[in-house]
Amino acid sequence: MIGSQPRTGFDPPQVGASATRPLPLLALSSARLAAACGIFTDIDDTLTRDGAIEPAALAALQALHREAIPVIAITGRPMGWSVPFAAAWPVAAIVAENGAVAMFRDGAALRTEYAQDEATRLRNAARLRAVAATVLREVPGATLAQDSAGRVTDIAIDHSEFARLDEAAITRVVAVMQREGLHATVSSIHINGWYGEHDKLSAARWMLQRLFGRVLEAELDRWVYVGDSTNDQAMFGHFPLSVGVANLRRFAGQLHTWPAYLTTGERGEGFAEVARALISAHATR
Ligand SMILES: [Mg+2]
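This report concerns the structure included in the present document. (Residues numbered from 1 in each chain as written. Predicted model: local features only at pLDDT ≥ 70, side-chain atom pairs only at ≥ 80, totals over all residues.)

## Notes on the overall build of the protein chain
Now for step 1: Each helix and strand in the protein chain was counted, giving 8 helices and 14 strands.
Now for step 2: Computed over C-alpha atoms, the radius of gyration of the protein chain comes to 18 Å, within 12% of the 19 Å expected from 2.2 N^0.38 for 285 residues, which places it in the range of a compact globule.
Now for step 3: Dimensions of the protein chain, computed from C-alpha atoms along their principal axes, come out at roughly 55 × 45 × 35 Å.
Now for step 4: Here the protein chain, with 285 residues, has 47% of them falling under the buried criterion.
Now for step 5: Contacts spanning at least 24 positions in sequence make up 64% of the contacts within the protein chain whose residues lie at least 6 apart. (Helix = DSSP H or I, 4+ residues; strand = E, 2+ residues; numbered from the N terminus. Rg over C-alpha atoms; globule rule 2.2 N^0.38 Å. Buried ≥ 20, exposed ≤ 12 C-beta atoms within 10 Å, placed from the backbone. Contact = placed C-beta atoms within 7 Å.)

Now the structure itself:
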């Protein structure tokens, strides 16, 4: 059965997880950063504020691009939402819908590839629509995310973007999704549900293989991961060089897995701190 092992942002700790509080980013040694190949990053509230990229984050992406340090962004946002940013931002790729669909430049064109074949996506689309209707019926106040039209492989319920759901309602949405066999995660703004085994980690493996022909596990300690929310915890636990932007602290009560390091600045300012540290470490190698 597809989606038989639901996961959520509230899951038990992953292998390598750190229950301890993170160190300040300044404590990350320049030698370890000098050996790093690039950055995997979340988008919402890591690069952006209220859905728009922060100037500091955009400048940081440009500076990393000038230094030929690749950035791969992985988000729960839909493909439709991500396409213009995949074309405009100087990133190696954006993987949308929690690992389901990747967009990257191929010469002048923007290439789109999927983790699932077309027949699987069509079959799942009908099932997802039915689950979305069930969630809306069973959880009072639940509404679809406003970016739902651009989604091709998942459904999203808004809890903090334009609508407000409390913790109890968020938990009920997750429970309904899991009962229906979906994987479910809670980002800083949405509750996402989908059929399939893909997630942010499989997205990182996929892109490293697809873009560079390399295996992530062979160089896990050479990639930085930056995120801000409960749905980044599996990545925090998996990457030794994991960094939270400072606004991650607002999820302190729900986190089981902290990143190894925490920035001083929030959102795009925090991402820019990571970029500056990486670029300056590379300059010394
Ligand atoms: Mg986020």
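Back to the text.
## A closer look at the pairing of strand β2 (residues 38–41)
Now for step 1: Sheet topology note: the β2/strand β12 (residues 223–227) ladder contains 4 bridges and is parallel. Within β12, the residue paired with Gly38 across the bridge is Trp223.
Now for step 2: Summarising the sheet, β2 and strand β5 (residues 71–74) pair through 3 bridges and their orientation is parallel. Within β5, the residue paired with Ile39 across the bridge is Val71. (Pairing = 2+ DSSP bridges.)

## Let's talk about the packing of helix α4 (residues 118–138) against helix α5 (residues 167–179)
Now for step 1: Running from N to C, α4 and α5 point in directions that differ by 145 degrees, and their axes come no closer than 10 Å. In the packing of α4 onto α5, the handedness of the crossing is right-handed. Taking contact as the criterion, the partners of Val131, Thr134, Val135 and Glu138 in α4 are, on α5, Val173, Val176 and Met177.
Now for step 2: Residue classes in the contact of α4 with α5 are distributed as 5 nonpolar, 1 polar and 1 charged. (Axes fitted to C-alpha atoms, helices over the stretch in contact; angles between N-to-C directions. Left-handed = near helix turned anticlockwise from the far one by under 90°. Nonpolar A, V, L, I, M, F, W, Y, C, P; charged D, E, K, R; others polar.)

## Here we look at the sheet that holds strand β8 (residues 109–114)
Now for step 1: As summarised here, the arrangement of the 9 strands in space is β1-β14-β13-β12-β2-β5-β6-β7-β8, forming an open sheet in which the pairing is mixed. Where the open sheet ends on each side, the last strands, each with one partner, are β1 (23–24) and β8.
Now for step 2: Each of β2, β5, β6 (93–96) and β7 (101–106) is contacted by helix α6 (residues 200–212), which is oriented at about 145 degrees to β5, the strand it contacts most.

## Describing helix α8 (residues 267–283)
Now for step 1: A rise of 1.5 Å per residue sets the reference length of α8, with its 17 residues, at 24 Å; its end C-alpha atoms lie 25 Å apart and thus fit the reference within 8%.
Now for step 2: Those residues of α8 lying buried are Arg267, Gly268, Gly270, Phe271, Ala272, Glu273, Val274, Ala275, Ala277 and Leu278. (Expected span 1.5 Å × (residues − 1).)

## Details of α5
Now for step 1: An ideal rise of 1.5 Å per residue puts 18 Å on 13 residues; α5 measures up with 18 Å between its terminal C-alpha atoms.
Now for step 2: Within the sequence span of α5, burial applies to Ile170, Val173, Val174, Val176 and Met177. Along the axis of α5, the buried residues cluster in a sector spanning 160 degrees; they form a single face. For α5, exposure combined with an orientation more than 90 degrees from the buried face picks out Glu167, Ala168 and Arg179.
Now for step 3: Buried residues along α5 sit in contact with α4, β9 (154–158), β10 (183–186) and β11 (190–194). (Arc of directions from axis to C-beta.)

## What about the nonpolar core?
Now for step 1: Ile72, Val173, Tyr225 and Val274 are the most contacted members of the largest nonpolar core, which totals 78 residues.
Now for step 2: Top element by residues in this core is α8. It accounts for 6 residues.
Now for step 3: Residues contacting Val274, with those up to four places away along its chain left out, are Leu25, Ile39, Val224, Val226, Val243 and Thr263. (Core = buried A, V, L, I, M, F, W, Y, C linked by C-beta atoms within 7 Å.)

## Things to note about the sheet that holds β9
Now for step 1: Pairing within the open sheet is antiparallel, and its 3 strands lie in the order β9-β11-β10. Both outer strands of the open sheet, β9 and β10, are each paired with one neighbouring strand and no more. In this sheet, adjacent strand axes meet at a mean angle of 20 degrees when their direction is disregarded.
Now for step 2: For β9 and β11, the ladder comprises 5 bridges, and the chain directions are antiparallel. Each residue of the ladder has a partner; that of Ala156, found in β11, is Asn192.
Now for step 3: In the packing of α4 onto the sheet, the strands contacted are β9 and β11, and the crossing angle to β9 comes to about 20 degrees.
Now for step 4: Running over the sheet, α5 touches β9, β10 and β11 and is turned about 160 degrees from β10.

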